[in-house]
Amino acid sequence: MHTRFRRWVRAAAIATVAALALSACASTVNGDATIVNSKNANLDVIGGDSTSSFDQSVQNSLSDIEAFWKINYPKVSGGKPLPPLKGGLYSVDGLKVAETDSVTGPAARNACISRSASFIVDNGAFCLLDDSISWDRADTHLFAQLAKHYGELMVALVFAHEFGHAISYRLGVFDQRPQPETIFTESQADCAAGAWAASALKRENPHFRDVTAQTIDDALEGYLDGRDSTPGTINEISHGNGFDRLSALADGIDKGATYCYSKNYFDRTFTERPFESESDYNAGGNASLAQSTDPNGFVVKDLNRFWTGAAGEIGKTLTPVRIAVAEHPKCGTNTSALLGYCPDDNTVYFSTAFAAKAYNSLPGVAVDKSTGNVSLLFNQPADFSLGVLFAIGWGMAVRHQFFGRELDDKAALLSAICYTGAYAKDVNLAVDPNYGTPKAKDLLLSPADLDEAVSALLNQQLMAGSYGERGSTGLDRVQAFVKGYKGGLASC
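Small disclaimer: the values here were computed from a predicted structure and weren't measured. (Residues numbered from 1 in each chain as written. Predicted model: local features only at pLDDT ≥ 70, side-chain atom pairs only at ≥ 80, totals over all residues. Heavy atoms only, no water.)

### Structural notes on the overall build of the protein chain
For clarity, the threshold we go by: Numbering of helices and strands runs from the N terminus; a helix is a DSSP stretch of H or I covering at least four residues, while a strand is a stretch of E covering at least two. The classification of residues rests on relative accessible area computed with a 1.4 Å probe and restricted to protein chains. Under 20% of the type maximum is buried, over 50% is exposed, and intermediate values are partly exposed. Only heavy atoms matter for contacts: two residues are in contact if any of them lie within 4.5 Å across the pair. We get accessible surface area from the Shrake-Rupley algorithm with a probe of 1.4 Å; when it comes to residues, only the shown protein chains can shield them.
A count of helices and strands for the protein chain gives 18 helices and 10 strands. The buried share among the 492 residues of the protein chain stands at 60%. In the protein chain, the proportion of contacts linking residues at least 24 apart, taken out of those at least 6 apart, comes to 73%. Of the roughly 19,100 Å² of accessible surface on the protein chain, 50% is carried by carbon and sulfur atoms.

Structure (structure tokens):
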């Protein structure tokens with residue numbers, strides 16, 4: 001099961017720049033405010049446009065983010081106060097830059113943009129050369145398009161990431177020898193964005209007092225598309241894939257700013273990797289829908305392989321689970337679902353229409369290379385989005401067969417998702433980590449399948465049509481999946 005995504009501007013374009021590149025996902029922001037936000041911030045932005053709603057969103061975001069770090073920076077710096085950005089803030093009309101391949105006006109003062117004008121198109125970055133933050137505000141470019149679909153909180157996460165780089169810079173992270181690989185410092189910035197998001201969830205930020213679990217989920221869907229496209233070679237690995245990025249962000253939410261800048265933060269492993277074969281690359285990393293829904297196919301065989309082995313390790317025996325086509329599950333409380341597990345006959349039932357919807361559920365973007373203009377795409381092939389929904393059914397079967405536990409509550413859903421994360425870890429490795437030998441598997445994940453997995457877990461329509469959200473948030477579900485992936489079945 002394999003997938004290929006588009007490639008965005010990378011930090012390597014200018015070695016001294018820590019850049020964040022983003023794209024698109026699948027739900028509409030709920031803009032209903034429950035608490036009144038503060039009046040718009042008025043920061044000193046070089047080259048800013050007073051008529052740009054995106055520029056205003058960035059100002060509101062950075063105002064709150066800086067206030068957060070004024071409180072939290074002393075906790076990670078040994079009591080030192082937060083130094084201000086020396087190089088300031090820069091807003092750039094990236095459309096004009098793309099059209100002329102040059103930079104004029106106030107943006108020419110920015111050290112990184114002046115070295116490479118095209119660097120700023122569809123981008124936002126912290127620049128080490130002059131301690132500044134810059135962004136492309138063009139209405140038809142990436143950030144503004146995402147903001148329209150996902151809302152201001154997604155914008156804030158982007159700039160919480162960039163300010164995270166500024167914190168790393170102040171703490172001397174980029175001066176370490178040997179210097180940490182880019183993926184580590186990008187992950188640290190994602191963790192910092194999560195630490196700020198936790199304060200937003202507590203409604204501690206003046207311009208984001210109306211944040212709810214729903215708006216966090218919407219922002220995470222947009223942030224997921226901040227993942228890199230699948231790299232062509234190991235040398236192109238940069239920010240981490242969507243799974244790596246959301247995993248770091250979730251750690252920041254759970255553990256806070258001090259964890260993100262602790263000495264052992266870089267003791268992390270990452271899942272981003274390039275395609276290993278030309279045929280997989282050409283196939284886009286996806287098995288066909290027919291292969292993915294075959295009752296006797298590799299998905300069913302491999303899930304039964306994994307769980308037969310896991311059952312033996314705890315002295316249990318798995319009755320193999322099967323899949324079958326039906327408009328609705330034959331039993332259970334959620335018989336209106338379009339995909340779900342029936343314990344009475346140990347079967348995961350699915351409607352063919354819903355399976356096709358889950359398979360074609362990944363968001364993306366299209367970019368005009370000459371102008372930088374961005375169009376949001378939806379319903380792109382994603383075989384492991386469907387595969388994850390099937391795997392959750394096996395998780396339900398395990399709860400029923402091994403432990404006789406409830407299947408219809410929130411705890412059951414998160415437990416089954418945690419099991420699915422552990423399964424994903426198993427099939428994301430071609431060799432047994434304990435023995436260094438190839439594993440006998442019917443399924444091996446392709447480089448982008450973990451992104452497809454978290455995309456499915458965040459997708460409210462897919463969850464509602466299968467197991468139901470059961471009071472869980474997308475963040476809950478991603479955290480459960482990450483927990484199983486990192487900690488294995490014992491953590492579930």
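Having put the structure on the table, let's press on.
### Considering the pattern of salt bridges
Quick note on the threshold: In the sections that follow, a salt bridge refers to a side-chain nitrogen of Lys or Arg positioned within 4 Å of a carboxyl oxygen of Asp or Glu.
Applying the stated criterion to the full structure yields 10 salt bridges. One salt bridge in this structure joins Asp251 and Lys255, with 4.0 Å as the shortest N-O distance. Here Lys255 and Asp251 lie together in helix α8 (residues 242-255), a separation of four residues that amounts to about one turn. Residue classification places Asp251 among the buried positions, given a relative accessible area of 8%. Classification of Lys255 by relative accessible area gives partly exposed; the value is 46%. One salt-bridge network, in which partners are shared between bridges, spans Asp251, Lys255, Arg268 and Lys486.

### Overview of the packing of aromatic side chains
Selection criterion: Classification of ring pairs rests on two measures: the distance between centres of Phe, Tyr or Trp rings, Trp counted by its six-membered ring, which must be within 6.5 Å, and the angle between planes, read as stacked under 30 degrees, edge-to-face over 60 and tilted in between. Charge-over-ring placement is defined geometrically: NZ (Lys) or CZ (Arg) within 6 Å of the ring centre, and within 35 degrees of the ring normal.
A full pass over the atoms with the stated rule returns 18 aromatic pairs. With centroids separated by 5.9 Å and ring planes inclined at 85°, the aromatic side chains of Phe243 and Phe481 adopt a geometry described as edge-to-face. With Phe243 in helix α8 and Phe481 in helix α18 (residues 474-487), the pair connects residues that are 238 residues apart, well separated along the chain. Note on accessibility: Phe243 and Phe481 belong to one class, buried. An aromatic cluster is defined as three or more aromatic residues linked by ring pairs; in this entry it consists of Phe184, Tyr259, Tyr265, Phe266 and Phe270. Over the face of the ring belonging to Tyr259 we find Lys255, whose NZ or CZ atom lies 4.5 Å from the ring centre. Positioned above the aromatic ring of Phe403, the side-chain terminus of Arg405 is 4.5 Å from the ring centre.

### Comments concerning the environment of Val36
Looking at the secondary structure, you find Val36 in the loop between β1 (17-20) and β2 (45-46). The spatial distance from the C-alpha of Val36 to the C-alpha of Asp210 is 6.7 Å, given a sequence separation of 174 residues.

### A closer look at the side chain of Ser61
Of note, Ser61 is situated in helix α1 (residues 53-76). Once you skip the residues sitting within four places of it in the chain, Ser61 turns out to touch Glu152, Val155, Ala156 and Phe208.

### Topic: the state of the cysteines
Short version of the rule: Only a pair of cysteine sulfur atoms within 2.5 Å qualifies as a disulfide here.
Per the stated rule, a full pass over the model turns up four disulfides. The disulfide partner of Cys418 is Cys492, and the S-S distance across this bridge is 2.0 Å. Disulfide Cys418 to Cys492: torsion about the S-S bond roughly -80°, handedness left-handed. Separated by 74 residues along the polypeptide, Cys418 in helix α15 (residues 410-427) and Cys492 in the segment after α18 bring together distant segments of the chain. By relative accessible area, Cys418 is classed as buried at 3%. Judged by relative accessible area, Cys492 falls into the partly exposed class, the value being 28%. In the protein chain, the bonded cysteines, numbered by position in the sequence, are linked as 1-2, 3-4, 5-6, 7-8.

### Things to note about the packing of helix α12 (residues 298-313) against helix α14 (residues 383-403)
Our working definition: Comment: axis = line fitted to C-alpha atoms, over the contacting stretch for helices; angle = value between 0 and 180 degrees taken between N-to-C directions. Handedness of a crossing is defined here by the sense of rotation of the near helix relative to the far one, left-handed for an anticlockwise turn of less than a right angle and right-handed for a clockwise turn. Gly counts as polar in this scheme, as do all residues outside two lists: the nonpolar Ala, Val, Leu, Ile, Met, Phe, Trp, Tyr, Cys and Pro, and the charged Asp, Glu, Lys and Arg.
As a packed pair, α12 and α14 sit with axes 11 Å apart at the nearest point and diverge in direction by 35°. In this structure, α12 meets α14 at a crossing whose hand is right-handed. Every residue of α14 that contacts α12 at Val299, Val300, Leu303, Asn304, Trp307 and Ala311 is listed here: Phe390, Ala391, Trp394, Val398 and Phe402. For the contact of α12 with α14, the class distribution of residues is 10 nonpolar, one polar and no charged.

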